[in-house]
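In case you want the letters, here they are:
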Amino acid sequence: MSQAQSQTSGLQAQVQRSGPRPPGDRWRLQVVHRTRFHYGGPVRSSYNEARLTPENSTRQTTLRSRVEIEPGATAFAYRDYWGATVTAFDLHTPHTELVVTGTSIVEAGREPTEHEHVGWAQLQGRDVRDRFGELLAPTALTAVDDDVLAEVRTAVGDVDPHATGAAVCRLVRERMEYLSGSTNVKTNAMQAWRSGKGVCQDISHVTVGLLRALGLPARYVSGYLHPKREAGVGQTVTGESHAWVEWWDGGWCSFDPTNAVDVGHRHVTLGRGRDYGDVPPFKGIFSGPGSEGHTVTVEVTRLA
């Protein structure tokens, strides 16, 4: 087994074996994300990308992170167009199984500073539209129909951009039921909206699509969620790969529409993009017999 570890300050915080306890409004979390691929016979070669390294930001500090690969492979890390750390590797020895494990320790909390909110006139200005053009345009997974947009615009009412962002997030959650297994990674926003159900990916796609259609730059965020609000220190639980949204109204605002909560100490950010397609935890291609499927497990432990 080999391990590819992002170590430079540009890609990840320097490894710290210990440190002071985080402030009361921050949690120190360990996340172990393991993906196991099974094949019908020996795979001759494969080319892969893993986005399993949490970011460093004003809200979150990555104390330690590594990506382990079995069978062993040489890997390198780089930062992609959207700022996420990617561990890339390829295998050229026959293998019937591939296991990729990301293990990280992160301190997370709420955004520590507030920003000045802008009005609709500034959001509609050329400077903002040029700067955030990619985050204002619909994608195949986030596009919304005119009738749905009109319905949501009426429901939200004539309020300022910041209030609009929060209202859209809560409205989508009220209208959509969280139902595991009801959709897949190819389900688009309108398919999920009209069915009235979906998972965090779908709820986030719908929310991002509506925010953009209303004139707010918005992005899809990929990461993890500790599922227990009152988690005890040292207890390992089954966690979740998760998705939420951010919109820009003078600064970036984060919200988890699936759970109707602000993003805070239970959320660990991996990366951002226009939609899920920009930030999948793992993707790759291989040459050989067909896949027999894969399993994913996420374990989260509150350390402090």
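What counts and what doesn't
- Residues numbered from 1 in each chain as written.
- Predicted model: local features only at pLDDT ≥ 70, side-chain atom pairs only at ≥ 80, totals over all residues.
- Heavy atoms only, no water.
- Helix = DSSP H or I, 4+ residues; strand = E, 2+ residues; numbered from the N terminus.
- Rg over C-alpha atoms; globule rule 2.2 N^0.38 Å.
- Buried < 20%, exposed > 50% of the residue type's maximum accessible area, 1.4 Å probe, protein only.
- Contact = heavy atoms within 4.5 Å.
- Areas by Shrake-Rupley, 256 points an atom, 1.4 Å probe, with all protein chains shown as cover.
- Lys, Arg positive; Asp, Glu negative; His and termini not counted.
- Charge placed at Lys NZ, Arg CZ, Asp CG, Glu CD.
- Pairing = 2+ DSSP bridges.
- Expected span 1.5 Å × (residues − 1).
- Salt bridge = Lys/Arg side-chain N within 4 Å of Asp/Glu carboxyl O.
- Phe/Tyr/Trp six-rings, centres within 6.5 Å; stacked < 30°, edge-to-face > 60°.

Peer 1: Whenever I open this one, the overall build of the protein confuses me. Can you help?
Peer 2: Counting its secondary structure elements, the protein contains six helices and 17 strands. Taken over C-alpha atoms, the radius of gyration comes to 20 Å for the protein, in line with the 19 Å a tight globule of 304 residues would show. Along the first, second and third principal axes, the C-alpha atoms of the protein reach 60 × 50 × 35 Å. Considering the protein as a whole, with its 304 residues, one finds that 50% of them fall into the buried category. Within the protein, contacts between residues separated by at least 24 positions form 78% of all contacts whose residues are at least 6 apart in sequence. Total accessible area on the protein is roughly 14,100 Å²; 47% of this is exposed by carbon and sulfur atoms. If you average the places of the 32 positive and of the 34 negative side-chain charges in the protein, the two averages end up 5 Å apart.

Peer 1: Please clarify how the pairing of strand 13 (residues 252-256) should be interpreted in this entry.
Peer 2: Strand residues, when the strand is regular, have side chains that alternate between the two faces of the sheet. Pairing between strand 12 (residues 240-248) and strand 13: four bridges, direction antiparallel. Its bridge partner lying in strand 13, Glu-246 is registered against Ser-254. Taking the residues that link successive antiparallel strands as the turn, the strand 12-strand 13 hairpin has three residues, and the phi of Gly-250 there is positive, at about 115°. Two strands pair when backbone bridges link them, and strand 13 and strand 14 (residues 261-262) are joined in this way by two bridges, in the antiparallel orientation.

Peer 1: I'm lost on helix 6 (residues 200-213) in this one. Help?
Peer 2: Each α-helix turn comprises 3.6 residues. Residues three or four places apart therefore point the same way. Between the first and last C-alpha of helix 6 there are 20 Å, a value that for 14 residues agrees with the 20 Å anticipated at 1.5 Å per step. Most of helix 6 is tucked away, with 13 of its 14 residues classed as buried. After helix 6 finishes, the residue Gly-215 shows a positive phi value of roughly 105°.

Peer 1: Can you walk me through the pattern of salt bridges in this structure?
Peer 2: Any two side chains of opposite charge can pair, on the condition that their charged atoms come close. Summed over the entire model, instances satisfying the criterion amount to 14 salt bridges. The closest approach of N and O atoms between Glu-151 and Arg-175, which form a salt bridge, is 2.5 Å. A residue pair is termed long-range when its members are at least 10 positions apart, and Glu-151 in helix 3 (residues 146-156) and Arg-175 in helix 4 (residues 161-175) qualify at 24 residues. For Glu-151, a relative accessible area of 36% gives the class partly exposed. Notably, a salt bridge pairs Arg-272 with Glu-246, separated by 2.8 Å at the nearest N-O pair. One end of the pair, Arg-272, is in strand 15 (residues 267-273); the other, Glu-246, is in strand 12, and 26 residues separate them in sequence. Relative accessible area serves as the criterion here: at 4%, Glu-246 is assigned to the buried category. One network of salt bridges, in which partners are shared, links Glu-55, Arg-219, Glu-246 and Arg-272.

Peer 1: How should the packing of aromatic side chains be read in this particular structure?
Peer 2: How two aromatic rings sit relative to each other is set out by the distance from centre to centre and by the angle between their planes. Under the defined criterion, the tally for this structure stands at seven aromatic pairs. Taking the centre distance of 4.8 Å and the plane angle of 40° together, the rings of Phe-37 and Phe-282 count as tilted. Here the residue Phe-37 occupies a position in strand 2 (residues 27-43), and Phe-282 occupies one in strand 16 (residues 282-287), the gap between them amounting to 245 residues. On the numbers, 6.3 Å between centres and 55° between planes, the contact of Phe-89 with Phe-282 is tilted. Of this pair, Phe-89 sits in strand 6 (residues 85-91) while Phe-282 sits in strand 16, placing them 193 residues apart in sequence. Exposure remark for Phe-89: the relative accessible area of 3% places this residue in the buried category.

Peer 1: Where do I start with the environment of Leu-141 in this structure?
Peer 2: Note on placement: Leu-141 falls in the loop between helix 2 (126-131) and helix 3. In this structure, the C-alpha to C-alpha distance between Leu-141 and Lys-186, residues 45 residues apart in sequence, is 7.6 Å. Sequence-distant contacts of Leu-141, that is, excluding residues within four places in its chain, are made with Val-185, Lys-186, Thr-187, Asn-188, Ala-189, His-205, Asp-275 and Gly-277.

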